[in-house]
Amino acid sequence: LGDATPGQVGLLLLCSVATLVLNGSIFWVTLLPEKRIGHTDIQATNAIATLLSYLPFKLGLIFRIVVHNKRDGVPLLTIGAWYLAISALIMTNLGPPVLASLWRGGVDTLWWVSAIGGAALLTGMMALVCLPLSGEAGMARIHRWLDPIPLRPLHTFMRTESFARMHAGFGMLAHPWATLWATVMRLADIAAQTARFVIAAQILGIELGWESATLIATTYF
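K.L.:
Help me out: how do you make sense of the environment of Trp 103 in this one?
P.N.:
With respect to the helices and strands, the residue Trp 103 is situated in helix H4 (residues 76-104). Classification of Trp 103 as exposed rests on a relative accessible area of 52%. Between the C-alpha atoms of Trp 103 and Ile 199, which are 96 residues apart in sequence, the distance is 27 Å. Discounting chain neighbours no more than four positions away, the residues touching Trp 103 are Leu 110 and Ser 114.

Put into structure tokens, the structure is as follows:
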């Protein structure tokens, strides 16, 4: 960094801020169908949790849970459903680019079609699967499917507030605009990470083309 130009340092910081804001926005938009929290509040929480994630003992994760539960009033099981929804979106958003990278071994037309088209297709399919299971109608449908199973503890649990809070995850993933914007921002984050790798390599005097940087950005996460 001492040998880098002010422009290179500025661009590196800009990419870091971009990925921080994009990831905070993904958290915000995913929860939005079930609970509205101030966008600035989630960005601040995400920034601190991201810093704490460099420390051991999963302090970043613990910090997120405590803040969103105590300050924002999000029930613990809803937070669990929220994190599962985020994880599912990561799989549908980043799975296709990773598989395309393993398949093609480089960035070409088929890579772009497979990566972006695959992410859109898988995320859309997931939303369609979750749609019939979301909301009050989805809850009633789940009861119709599972009530015939002769398992009393299951029936008791399905009628608890805890199950209702966990059920919120279907509503998050079934919301078309939430899943769409989360996917768009995840792909934008890949672009920001790609630029970040290119700039860092330039500072170190390493030859790293955009194609290689794209492969790294889609797989390192």
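K.L.:
When you look at the nonpolar core in this model, what are you seeing that I'm missing?
P.N.:
Taken as a class, soluble globular proteins show a tendency for nonpolar side chains to be buried jointly. Counting residues in each nonpolar core, the largest one holds 23 residues, and the members touching the most others are Phe 27, Leu 31, Trp 82, Met 172 and Leu 173. Those elements that provide at least two residues to this core are helix H1 (6-31), H4, helix H5 (109-130), helix H8 (161-174) and helix H9 (176-204). Here the element with the most residues in this core is H4; it accounts for six residues. Look past the residues within four positions of Leu 31 in its chain and what remains in contact with it is Ile 37, Val 74, Trp 82 and Met 172.

K.L.:
So what exactly am I meant to see when it comes to the layout of surface pockets here?
P.N.:
It is a probe the size of a water molecule, rolled over the atoms, that shows where empty space is left. Its volume calculated, the largest pocket comes out at about 820 Å³. Around the largest pocket, the lining comprises 29 residues; the ones closest to its centre are Asn 46, Thr 50, Ser 53, Arg 64 and Phe 221. Those elements that place two or more of their residues in the lining of the largest pocket are H1, helix H2 (39-52), helix H3 (59-70), H4 and H9. Tallied by class, the residues present in the lining of the largest pocket amount to 15 nonpolar, nine polar and five charged. Taken as a whole, the second largest pocket spans an internal volume of roughly 230 Å³. In terms of lining residues, the second largest pocket is bounded by 14 residues, among which Ala 81, Leu 84, Met 166, Gly 169 and Phe 170 are the most central. Its residues assigned to classes, the lining of the second largest pocket comprises eleven nonpolar, three polar and no charged.

What counts and what doesn't
Residues numbered from 1 in each chain as written. Predicted model: local features only at pLDDT ≥ 70, side-chain atom pairs only at ≥ 80, totals over all residues. Heavy atoms only, no water. Helix = DSSP H or I, 4+ residues; strand = E, 2+ residues; numbered from the N terminus. Buried < 20%, exposed > 50% of the residue type's maximum accessible area, 1.4 Å probe, protein only. Contact = heavy atoms within 4.5 Å. Core = buried A, V, L, I, M, F, W, Y, C linked by side-chain atoms within 4.5 Å. 1 Å grid on protein atoms, 1.4 Å probe; cavity = no way out; pocket = protein on both sides within 12 Å on 5 of 7 lines; lining within 4 Å. Points joined across faces, edges and corners; volume = space filled by probe spheres on them. Nonpolar A, V, L, I, M, F, W, Y, C, P; charged D, E, K, R; others polar.

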